[in-house]
Amino acid sequence: MKLAVIVGTVRENRVSAQVAKWVVNEAEALGDVEVELVDLIDYPMPFFDEPMSPRYNTDRHMNEVASKWTSKLAQADAYIFVTPEYNHSIPGVLKNALDYVTFELVKKPATVVSHGSVGGARAAMHLKEIISESHAVVIPTQVAITGSASERIDENGVLTDEEVTKPYGLKVVIKMALDDLKWYSDVLAAGRAKLADK
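Residues numbered from 1 in each chain as written. Predicted model: local features only at pLDDT ≥ 70, side-chain atom pairs only at ≥ 80, totals over all residues. Heavy atoms only, no water.

A. View of the side chain of Thr-111. Turning to its location among the elements, Thr-111 is positioned in strand S4 (residues 109–115). There is a polar contact of 2.5 Å between the side chain of Thr-111 and the backbone oxygen of Thr-141. Among residues more than four places away in sequence, those in contact with Thr-111 are Tyr-79, Ile-80, Phe-81, Ile-139, Thr-141, Gln-142 and Leu-181. (Helix = DSSP H or I, 4+ residues; strand = E, 2+ residues; numbered from the N terminus. Polar contact = N/O pair within 3.5 Å; in protein donor to acceptor, adjacent residues only side chain to side chain. Contact = heavy atoms within 4.5 Å.)

Right under this line is the structure:
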């Protein structure tokens, strides 16, 4: 499985970056997974201004940076979007990035790791709806980090000792999410291969 872990905010001193590093660390320990951290800070796209939905635009002239972003998404088999909650939703930069997407996520699994007020639940809810419109398969297992994420995960993406030993702590829930994502990725990859053979 080629897994893209996407940092969904570009703001200064963002906690999402260390949360994403933690997700990468845990995914690399899973085995049989090729993980890449994809940071929106490296893809400074303008506000989406194409004349129609990219899904229906047969004569699309995409912004160069946006083209690199969608090409990077297309290379992955599965996705984890790491997002904070801003004003009861996702950051505008993440919504804008997803507005450029066409076929890249189709029939591929995705999930959300959220943090912020109430574990970023409202951001996660919105994001799952947006991802589903890209025809990704949003898996039921997600991770919501309640309280202060920066006090539970350090700058290198390492959990505190207390988190590692909790019966239902972050170590447990991310493992569940990754296991499920891998299962869906394997099944959906086989399904996509059958479609390609037809």
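B. Representation of helix H7 (residues 170–197). Along its 28 residues, H7 runs 40 Å from first to last C-alpha, staying within 8% of the 40 Å computed at 1.5 Å per residue. Of the positions making up H7, those classed as buried are Leu-170, Ile-174, Ala-177, Leu-178, Leu-181, Lys-182, Ser-185, Leu-188 and Arg-192. (Expected span 1.5 Å × (residues − 1). Buried < 20%, exposed > 50% of the residue type's maximum accessible area, 1.4 Å probe, protein only.)

C. Quick peek at helix H4 (residues 121–133). Given a rise of 1.5 Å per residue, 13 residues ought to cover 18 Å, and the 19 Å separating the end C-alpha atoms of H4 matches this to within 8%. For H4, the set of buried residues is Ala-123, Ala-124, Leu-127, Ile-130 and Ile-131. Around the axis of H4, the buried residues are gathered within 130 degrees of arc, so they sit on the same side. In the stretch just after H4, His-135 is the one whose phi turns positive, near 65 degrees. (Arc of directions from axis to C-beta.)

D. Local environment of the layout of surface pockets. Taken as a whole, the largest pocket holds about 170 Å³ of empty space. Lining the largest pocket are Ser-53, Pro-54, Arg-55, Lys-95, Leu-98, Asp-99, Val-101, Ile-130, Glu-133 and Ser-134. Of all the secondary-structure elements, those providing two or more residues to the lining of the largest pocket are helix H3 (92–99) and H4. In terms of residues, the lining of the largest pocket owes the most to one element, H3, which gives three residues. When the residues that make up the lining of the largest pocket are grouped by side-chain class, the tally is four nonpolar, two polar and four charged. (1 Å grid on protein atoms, 1.4 Å probe; cavity = no way out; pocket = protein on both sides within 12 Å on 5 of 7 lines; lining within 4 Å. Points joined across faces, edges and corners; volume = space filled by probe spheres on them. Nonpolar A, V, L, I, M, F, W, Y, C, P; charged D, E, K, R; others polar.)

E. Here's a closer look at the packing of aromatic side chains. Applying the stated criterion to the full structure yields four aromatic pairs. Ring centres of Phe-48 and Tyr-100 lie 5.1 Å apart, and the angle between their planes is 85 degrees; this geometry places the pair in the edge-to-face category. Note that Phe-48 is positioned in the loop between strand S2 (34–39) and helix H2 (64–74) and Tyr-100 in the loop between H3 and S4, a separation of 52 residues in sequence. With a relative accessible area of 25%, Phe-48 lands in the partly exposed category. (Phe/Tyr/Trp six-rings, centres within 6.5 Å; stacked < 30°, edge-to-face > 60°.)

F. Structural detail: the side chain of Ser-185. Take Ser-185: it is sitting in helix H7. The class for Ser-185 is buried, based on a relative accessible area of 2%.

G. Molecular detail of the pairing of strand S1 (residues 2–7). Within S1, five of the six residues are buried, which leaves it mostly tucked inside the rest of the structure. By the bridge criterion, six bridges tie S1 to S2 in an arrangement that is parallel. Of the residues in S2, the one forming a bridge with Leu-3 is Val-35. For the handedness criterion, the β-α-β arrangement of S1, helix H1 (residues 16–28) and S2 is classed as right-handed. By the bridge criterion, five bridges tie S1 to strand S3 (residues 78–84) in an arrangement that is parallel. Within the sheet, the bridge partner assigned to Ala-4 lies in S3 and is Tyr-79. (Pairing = 2+ DSSP bridges. Right-handed = clockwise from strand over helix to strand, strands pointing away.)

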